[in-house]
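# Overview (structure and organization)
Here are the chains, one letter per residue:
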Amino acid sequence: MISTWVSVIVTLVAFVNGARNDDVMLPCATVQTSSSVVRLGSPVTATCVIRDSCPQVIGQNVRIEWRLGNGFLPSSSVANESSRISEVVIPSFNHTREFLTCCVHASTTQVVGGVEIRAGYPPQAPQNLSCQTNLTNPNTLTCSWAPGQQETHLPTKYTLHTEIRDSNENNTYKLLPGIHHYTIPRSGFVLFSDIEIYVKAVNELGVATSAPVILEPISAAKFDRPAILRIHAVPKRYNCLKLSWSLSQQQAWMHDYRLNLEVRLKTADSSQWNDPPIQVIRSRQTRSLDLCRLLHGTKYLAQIRVRYQQSPWSEWSRSQSGVTLESAPTGRLDSWMKVSGDHMHKQLSIHLFWKPSKQFRANSQNVSYIVSVKTLPGEKGKVCSTKENYCTFQLPGRAKRLYLSAVNAAGRSSPTEVQIYLPKAQTVISDVAVIPHDDRSLLVQWKSLSSPGLSGFVVEWRPLLQTDLSLTQFEIANRNQTGLLITGSFEPYKPYGISVYPRFKDGIGRPQTVNAYSKQKAPSMVPKIHIKKSWQSYVELTWDEIPLDQRNGIIQSYKVFYWNEEGPINVVNADPEERRVVLKGLNTVFLYDALMMVSTFGGSLNGSTIHFKFDPFDAVGVVTVVTVSGVGLALLVILIVMTCFSTHRRLKGHFWPTVPDPANSSIKRWTSESTQDSYLPWDTDEPDPMYLSQLSFLDFPVNLSKEDDDPWLSNTEDTSDLGESICGSPFIIGYNGSNSDSVPYATVIFTAPCSSPTVKDHVYLRSESTQPLLETEESFSPKCYQNVAADGMPNEQCFFGPCHDCVPEKGADILWEEFPFLRALNDIINE
């Protein structure tokens, strides 16, 4: 837009040359308007006069045209054609600023003249003029106003005018554009003299003046925040407090002037100040104030503010506290009692709660409560003394009445009789519902059946996350009520247990209890899903209960979402009480994902995703495995029973083998085959033969020295291991002679090598083992027997027992009946 008008101006300079007259440049055309500044929307008339000497029109037939900005305007020509005059009328000028140009049109269109027209509105009178005195150093008077809601679209100048009435001193203060406030210095006003103040607004369309304000600067002063010096009790005046105060240090010079005060109070346990505040008219700061008609023995917080006549109020002072004088408590206490125990045997446990009634006054900061019972006429016994709002005790068996009193340092209140209500099994309440009313209250509603003797209801509530009984609260409702608005410091997202008890003339009925929240939100956690079991195409999912402190509301639903890589997302709703769900119709081939969403009235939260897949066998395979396992287990049980109770000896022998008895062995039956875990038939009546584990042979050198004629006498070592074979046993497969755990019963000594076909000399040597292998042995020391030569003649040497006990008889035969093994061996040798 600016570049357009720059070109217009350049064109005007270039072509509006006119004709020179005495070296003076005359304009080519003259444009005249009714006004260059007009009211927005008003008509505008303009006339364009072209000089005959204008170069652009000499010798040419031209046509005059009008333009407003970039648009053409219709025009009318004046009858005098030689003067080349044209006129245009704009019925409504709707631009705040625009150029109106006159052009001549011949071979080309050229601008020969123009004018700028501006439009707007005259200023409105300034509104809401107000002034305020600042009494801090330096003192000033600040005035402000509103310029008016209508935009003028024209430059508007504001000036502030003051006139001091007593001195007729006038001052005018000019303001910067767009500024609508001004601070008058201390030299421009007198604190206690009236001053007239007004504001004037001026632009090219008019002048407007605000309504004048006449004030005394001191009455327009806003004082600094005052201070309470002291607040204390008045002697012998139980319901009064005395308060002294002062202004700030910079304003202390006004101590002789009377000011207006407001005092507001509240008790220490209250959050609301008294409304309206206490008004104190024309008070000096040198005088204290008496605040009366207060509660006895009560701590109060006080604040004050000041002003001079109708000046603005100062800010409230900081709080100061004071306590009125104590007096004995007055009024009664509201109580609520819960009874438990065996009332038939008069063993009752009492939970008594109380609170101040509307008429109760503690009249003290330190108050305690006493619960006493009356057992006999004229006798009272104290069962409880506490500063809490509850008491738990055992009711004495002979108790007739129960009394509750409040006590402080000044005295004791009149006792309140508490009726003892016994519990009843009667239930008349149903459909208890709790609706949040606001952040500090809940609406409890219930339904009750018509019942004779019903006298009212008790609504009890307590926070479930805390166990302190002092937090239990209650309200009493009459028998016609079906709802009650309870108030208190309810915390959002915390659970409260609310119970409604029916109260009868002779007892308390069973309550109905619900959990409630003043405000709910999404739970803080989602329990982890567990796969309890799966079968065929079914999966059972379970989860644990959300802890009460993380629910943040009443759980409304558990939703389980599950899907596979090819199927859609499925949703199953679970019962909030059961906390389990069964997913049906699953494809055992795919891998499944599942997650759970937990919802309350305040929001929902999604848990983590789990993955599960079925085992690679179907239900038929499971049944087959279970069936085969069952049959095998049954056969095993039958086999064990038959083994334990069977009389078949061969069968028992497989599980309980018999220890061999050398006394009943027969060497003639020894074969390599029979030594390998062979057993004789058990169906004969003969004594059970026993099989020895091995037969060992020892070889000694053939040429023995004289000293070695009897090697056994010269050898002092233990002979308990002489049964181990040097040559090896020909009857035991794989025997290597290194089994140190086996101890042979006896050893046979041959003078010839064991490989020799002919055996000339042999000796029988009993082992020195302490193992009693023969059933006939009664001690670890064997009897003495003679060694027998190959020809059957006895030898004087004793090997079976101590020699001093053995006196062998010459020519005596060995007792073969006692040594069947030796007898059989002897028969083999003799053969």
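In short, a report on the structure. (Residues numbered from 1 in each chain as written. Predicted model: local features only at pLDDT ≥ 70, side-chain atom pairs only at ≥ 80, totals over all residues. Heavy atoms only, no water.)

## Some details on the overall build of the chain
The line we're drawing: By the criteria applied, helices consist of DSSP H or I runs no shorter than four residues and strands consist of E runs no shorter than two, each listed in order from the N terminus. Remark: exposure states derive from per-residue accessible area (1.4 Å probe, protein chains only) relative to the maximum for the residue type, with buried under 20%, exposed over 50%, and partly exposed in between. Whether two residues touch is decided by their heavy atoms; if any such pair falls within 4.5 Å, the residues are in contact. Residue-level accessible areas treat just the shown protein chains as cover; the underlying method is Shrake-Rupley with a 1.4 Å probe.
Counting its secondary structure elements, the chain contains 5 helices and 55 strands. Within the chain, the fraction of its 831 residues that count as buried is 37%. Put simply, of all contacts in the chain between residues at least 6 apart along the chain, 63% involve residues at least 24 apart. Here the chain has roughly 48,400 Å² of accessible surface; of this, 51% comes from carbon and sulfur atoms.

## What to know about the packing of aromatic side chains
So the rule is basically this: Pairing of aromatic side chains requires ring centres within 6.5 Å, counting the rings of Phe and Tyr and the six-membered ring of Trp. Pairs whose planes differ by under 30 degrees are stacked, by over 60 edge-to-face, and all others tilted. A positively charged side chain is recorded as over a ring if its NZ (Lys) or CZ (Arg) lies within 6 Å of the ring centre. The angle to the ring normal must also be within 35 degrees.
On inspection of all chains with the given rule, the structure shows 12 aromatic pairs. Both rings, one in Trp253 and one in Tyr257, keep their centres 6.5 Å apart while their planes meet at 80 degrees; by these two values the pair is edge-to-face. Looking at Trp253, the relative accessible area reads 38%, which means it is partly exposed. Since its relative accessible area comes to 31%, Tyr257 is described here as partly exposed. Among the aromatic residues, those joined into a cluster by ring pairs are Phe192, Trp253 and Tyr257. Directly above the aromatic system of Phe189 lies the positively charged group of Arg186, at a separation of 5.1 Å from the ring centroid. Above the ring of Trp535, the side-chain terminus of Lys533 is found at 5.1 Å from the ring centroid.

## Re the sheet that holds strand β45 (residues 538–543)
The line we're drawing: In this analysis, strands are considered paired if DSSP registers two or more bridges between them. Helix axes use the C-alpha atoms of the stretch in contact, all axes being lines fitted to C-alpha atoms, and the angles between their N-to-C directions lie in the range 0 to 180 degrees.
Strand order in the open sheet made by the 3 strands is β44-β45-β48, with antiparallel pairing throughout. The open sheet terminates on both sides in strands that have one partner only, identified here as β44 (529–535) and β48 (580–583). Strand-to-strand twist across the sheet, computed as the mean angle between neighbouring axes with direction ignored, equals 20 degrees. Strand direction decides the pairing type here: β44 and β45, joined by 6 bridges, are antiparallel. Paired with His530 across the two strands is Thr542, which belongs to β45.

## Observations concerning the environment of Ile231
Residue placement: Ile231 occurs in strand β20 (residues 227–234). Overall, the relative accessible area of 9% leaves Ile231 in the buried class. Measuring from C-alpha to C-alpha, the distance between Ile231 and Ser244 comes to 6.7 Å, with 13 residues separating the pair along the chain. Once residues within four sequence positions are removed from consideration, Ile231 is found in contact with Leu241, Lys242, Leu243, Ala302, Gln320, Ser321 and Gly322.

## What about the state of the cysteines?
Rules: Count a disulfide wherever a pair of cysteine sulfur atoms falls within 2.5 Å.
For the structure shown, the criterion picks out 4 disulfides. Linked covalently through their sulfurs, Cys48 and Cys102 form a disulfide whose S-S length is 2.0 Å. Across the S-S bond linking Cys48 and Cys102, the dihedral sits near -85 degrees, which makes this disulfide left-handed. With Cys48 in strand β5 (residues 44–50) and Cys102 in strand β10 (residues 97–105), this residue pair connects regions lying 54 residues apart in the sequence. The same class applies to Cys48 and to Cys102, which are both buried.

## Notes on the side chain of Ser193
As for its position among the elements, Ser193 is in the loop between β16 (181–184) and β17 (195–203). Once you skip the residues sitting within four places of it in the chain, Ser193 turns out to touch Asp166, Leu215, Glu216 and Pro217.

## Examining the sheet that holds strand β22 (residues 259–267)
Pairing is antiparallel across the open sheet formed by 4 strands, whose spatial order is β23-β22-β25-β26. Taken across any chain shown, the strands that pair with only one partner, and hence form the sheet edges, are β23 (278–283) and β26 (320–323). Adjacent strand axes in the sheet meet at a mean angle of 30 degrees, parallel and antiparallel pairs treated alike. With 4 bridges connecting them, strand β25 (residues 299–307) and β26 associate as antiparallel partners. Following the sheet pairing, Tyr300 is matched in β26 by Gly322.

## Side note on unusual backbone geometry
A cis amide bond links Asp275 to the next residue, Pro276, at an omega of 5 degrees. Within the secondary structure layout, Pro276 lies in the loop between β22 and β23. Backbone geometry places Asp431, a non-glycine residue, at a positive phi of 55 degrees. Relative to the helices and strands, Asp431 resides in strand β36 (residues 429–438).

## Considering the nonpolar core
Heads up, the condition is: Put simply, buried Ala, Val, Leu, Ile, Met, Phe, Trp, Tyr and Cys residues joined by side-chain atoms within 4.5 Å make one nonpolar core.
Counting 43 residues, the largest nonpolar core has Ile197, Leu243 and Trp245 as its most contacted members. Setting aside its immediate chain neighbours within four residues, Trp245 contacts Ala227, Ile228, Leu229, Leu259, Leu261, Ser283, Arg284, Gln285, Arg287, Leu289, Ile304 and Val306. In this structure, Val31, Val38, Val57 and Ile90 belong to the second largest nonpolar core, which totals 24 residues.

## Here we look at the pattern of salt bridges
Spelled out, the test is: One speaks of a salt bridge when a side-chain nitrogen belonging to Lys or Arg is within 4 Å of a carboxyl oxygen belonging to Asp or Glu.
According to the stated counting rule, one finds 16 salt bridges in the structure shown. Of the charged contacts in the structure, one is a salt bridge between Arg165 and Glu196, with a shortest N-O distance of 3.6 Å. Of this pair, Arg165 sits in the loop between β14 (157–164) and β15 (169–174) while Glu196 sits in strand β17, placing them 31 residues apart in sequence. On the basis of relative accessible area, Arg165 is assigned to the partly exposed category, the value being 38%. For Glu196, a relative accessible area of 17% puts it in the buried group. Residues joined in a network through salt bridges with shared partners are Arg237, Lys242 and Asp290.

## A short note on a nonpolar patch on the surface
Our working rule: In this scheme, patches are assembled from residues that exceed 30% relative accessible area and form no salt bridge. Like charges are connected within 9 Å, while nonpolar side chains (Val, Leu, Ile, Met, Phe, Trp, Tyr) are connected within 5 Å.
Taken together, the side chains of Leu633, Leu636, Val637 and Ile640 make up a nonpolar region of the molecular surface, amounting to roughly 370 Å² of accessible area. Following the sequence through the fold, Val637 ends up in helix α2 (residues 619–645).

## Re the side chain of His161
Applicable threshold: Identification of polar contacts relies on pairs of N or O atoms within 3.5 Å, with a donor-acceptor requirement for protein atoms, meaning one able to donate a hydrogen and the other able to accept it, and with residues adjacent in sequence counted only if both atoms are side-chain atoms.
Position of His161 relative to the elements: it lies in strand β14. Note on His161: relative accessible area 11%, which makes it buried. Separated by 2.8 Å, the side chains of His161 and Thr159 make a polar contact. Looking at His161, its side chain comes within polar contact range of the side chain of Thr172, at 3.1 Å. If near-sequence neighbours (up to four positions away) are discounted, His161 is found in contact with Asn171, Thr172, Glu196, Ile197, Tyr198 and Lys200.

Don't take any of this as a statement about function, it's just geometry.
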